[in-house]
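# Structure at a glance
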Amino acid sequence: MFQSVLYACIASTGLYAIFLNVFTIPFIQNQIVYLNDVTLTWFQDVNVPEQWGFLHNQVTPFNLHTEDGETLPLELYSKHEDGLLEEPSGLALDITTQLSFKLLRDAPFSLLVLYFHGAAGSLGSGWRPPSYRAMSVGAPDRIHTIAIDYRGFGTSTGFPSEEGLLKDAITLAKFAMKEAGIPPTRIVLFAQSLGTAVSISLANHMASGPNPTLFSGMVLVAPFANVELLTATYRVAGIIPVLDPIAKFPRLLVWLNTFILSKWPSKDTLAKFVRRCEDMAGDALKYHITVIHAEDDYDIPWSHSEQVFWHAVNASSPNGISYDELERDKETSKVVRGAGGWAVDHRTSKGVIREEIMKYGLHDRIMSYPVVVSLAITSAFGGR
């Protein structure tokens, strides 16, 4: 019996050692980080959005350099239903000729959410379609949503990378501002999981030029601090640990992380963005950031949101603030919602940083909660 257990331990250790070696191979590593080949919409055509309960031409799929789809707010759809029903459905070869695009472009008070989804799947996977509906609840006649499938995801061509996904996000933002004519003050970035890293990078990139572009706000659901910390805590499907056993040996984990290509240093990038905004002239609000996480998220622990929030607040403070100091401040200022979790705000003359920790919501389901999401979106638009 003892020998059997010993052999099993040796075999398990050997298999895990093989996994660690395989993990250093870039292609395999990308699959672990992005899971882009796990579409979760097998045998479903994402160009037929009616499969997910949308009305005819309420969603208009179209191509940029990556696959995108625009979602109309329901109340606006009802006002223009006859015209939308007259147009053919499916992939639009020229989105600018579609009524849905014209309703976005031509309405002087239209608002736009740029939606960046998480790892694995496509635009039509899991809780994403229900979350699109949640985007416009706060203003059902004004808020449009454009969601993007990054390169290598869904029907988009190419292979994912940190640089590549940022390029995709920049392309989408420029399309929204130049082709659709929506100023950044009427655009909110919504993101979940991997998408939070993309949207943070996008916001920082757009704010770093000689003529900074600042969006109305960001809503970050289930963010992670960076890939290095993520690998130490991430569990595939909430069950299978990636590098959790190695995390018990910090030096070994640090060495192994040197092989990681996609770093996605979200906590540091967000801190850079906040610092840039705080250094800008003028007293008008420059940023509005909401961080949302569920305590029962088994994929990415909510401790990551604690780190993201702290780095953002620390960057906004002239003299900085330690993690422990911030935790003490939160205890006296947080709004407790019982079984609904809690929330806390940090405000400066230049911006707002908000953290909302829900008791329930798992990793994906939380982004489909209309009350949670729509309130965050409405706040990010600043009552426009």
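From a predicted model like this one, the values you see are computed outputs, not experimental measurements.

### Describing the pairing of strand β6 (residues 217–221)
Within β6, 5 of the 5 residues are buried, leaving the element largely enclosed by the surrounding structure. Judged by which residues are buried, β6 turns out to be covered on both faces: Gly217, Val219 and Val221 on one side and Met218 and Leu220 on the other are all buried. In the sheet, strand β5 (residues 187–192) pairs with β6 via 5 bridges, with the strands oriented parallel. Within β6, the residue paired with Ala191 across the bridge is Leu220. Handedness of the β5-helix α8 (residues 194–207)-β6 crossover: right-handed. The pairing of β6 with strand β9 (residues 287–294) spans 4 bridges and is classified as parallel.

### Regarding unusual backbone geometry
With a phi angle near 70 degrees, Ala120 is a residue other than glycine that sits in the positive phi range. Looking at the secondary structure, you find Ala120 in the loop between β3 (111–116) and α6 (128–135). The class of Ala120 is buried, set by a relative accessible area of 10%. A positive phi angle, close to 40 degrees, is found at Trp264, a residue other than glycine. Along the chain, Trp264 turns up in the loop between α10 (250–257) and α11 (266–279).

### What about the side chain of Arg128?
Of note, Arg128 is situated in helix α6. Here Arg128 is buried and forms no salt bridge, its nearest opposite-charge partner Asp364 lying at an N-O distance of 5.6 Å. Not counting the four nearest positions on each side in its chain, Arg128 is found in contact with Tyr115, His117, Gly118, Ala119, Ala120, Gly121, Ser122, Leu123 and Met367.

### Section: the pattern of salt bridges
This model, assessed by the stated rule, comprises 14 salt bridges. The salt bridge partner of Asp106 is Arg105, with a shortest N-O separation of 2.8 Å. By relative accessible area, Arg105 is classed as partly exposed at 34%. For Asp168, the salt bridge goes to Arg151, with nearest N and O atoms at 2.8 Å. You can see Asp168 sitting in helix α7 (residues 162–179) and its partner Arg151 sitting in the loop between β4 (143–149) and α7, a full 17 residues away along the chain.

### Observations regarding α11
Over its 14 residues, α11 runs 20 Å from end to end, which matches the ideal 20 Å to within 8%, given 1.5 Å per residue. Restricting attention to buried positions, one finds in α11 the residues Ser266, Lys267, Thr269, Leu270, Ala271, Phe273, Val274, Cys277 and Glu278. Buried residues belonging to α11 abut α8, β6, α9 (227–233), β9, α12 (303–316) and β12 (351–358).

### With respect to the pairing of β4
Looking down a regular strand, the side chains alternate between one sheet face and the other. Of all 7 residues making up β4, 7 are buried, and the element is well covered by its neighbours. Neither face of β4 is open: one carries Ile143, Thr145, Ala147 and Asp149, the other His144, Ile146 and Ile148, and all of them are buried. Relative to β4, β3 is paired through 6 bridges, and the arrangement is parallel. Residue Val113 lies in a different strand from β4, and its bridge partner there is Thr145. Between β3 and its parallel partner β4, the chain crosses via α6, and the hand of that crossover is right-handed.

### Considering the packing of aromatic side chains
Throughout the structure, instances matching the rule amount to 7 aromatic pairs. An angle of 80 degrees between the planes, with centres 4.8 Å apart, marks the rings of Tyr115 and Tyr132 as edge-to-face. In this pair, Tyr115 sits in strand β3 while Tyr132 sits in helix α6, placing the two residues 17 residues apart along the sequence. Each member of the pair, Tyr115 together with Tyr132, is buried. These aromatic residues form a ring-pair network of at least three members: Tyr115, Tyr132 and Phe190.

### Description of α10
For α10, the complete set of buried residues consists of Leu253, Leu256 and Asn257. Around the axis of α10, the buried residues are gathered within 100 degrees of arc, so they sit on the same side. Exposed and oriented more than 90 degrees from the buried face of α10 are Arg251 and Val254.

### Overview of the packing of α11 against α12
Running from N to C, α11 and α12 point in directions that differ by 25 degrees, and their axes come no closer than 8 Å. With respect to α12, the element α11 is oriented roughly parallel. Here the hand of the crossing between α11 and α12 comes out right-handed. Taking contact as the criterion, the partners of Lys267, Asp268, Leu270, Ala271, Val274, Arg275 and Glu278 in α11 are, on α12, Gln307, Val308, His311, Ala312, Ala315 and Ser316.

### Side note on the nonpolar core
Core analysis: the biggest nonpolar cluster contains 64 residues, and Leu114, Phe116 and Phe273 have the highest contact counts within it. If you tally residues by element for this core, the top one is α8, at 8 residues. In this structure Leu114 touches Ile146, Leu172, Ala173, Ala176, Ile187, Val188, Leu189 and Phe190, once residues within four positions along its chain are discounted. By size, the runner-up hydrophobic cluster in this structure holds 30 residues, among which are Val113, Tyr115, Val219 and Ala380.

Parameters and conventions
Residues numbered from 1 in each chain as written. Predicted model: local features only at pLDDT ≥ 70, side-chain atom pairs only at ≥ 80, totals over all residues. Heavy atoms only, no water. Buried < 20%, exposed > 50% of the residue type's maximum accessible area, 1.4 Å probe, protein only. Helix = DSSP H or I, 4+ residues; strand = E, 2+ residues; numbered from the N terminus. Pairing = 2+ DSSP bridges. Right-handed = clockwise from strand over helix to strand, strands pointing away. Lys, Arg positive; Asp, Glu negative; His and termini not counted. Salt bridge = Lys/Arg side-chain N within 4 Å of Asp/Glu carboxyl O. Contact = heavy atoms within 4.5 Å. Expected span 1.5 Å × (residues − 1). Phe/Tyr/Trp six-rings, centres within 6.5 Å; stacked < 30°, edge-to-face > 60°. Arc of directions from axis to C-beta. Axes fitted to C-alpha atoms, helices over the stretch in contact; angles between N-to-C directions. Parallel < 35°, antiparallel > 145°, perpendicular 65-115°, else oblique. Left-handed = near helix turned anticlockwise from the far one by under 90°. Core = buried A, V, L, I, M, F, W, Y, C linked by side-chain atoms within 4.5 Å.

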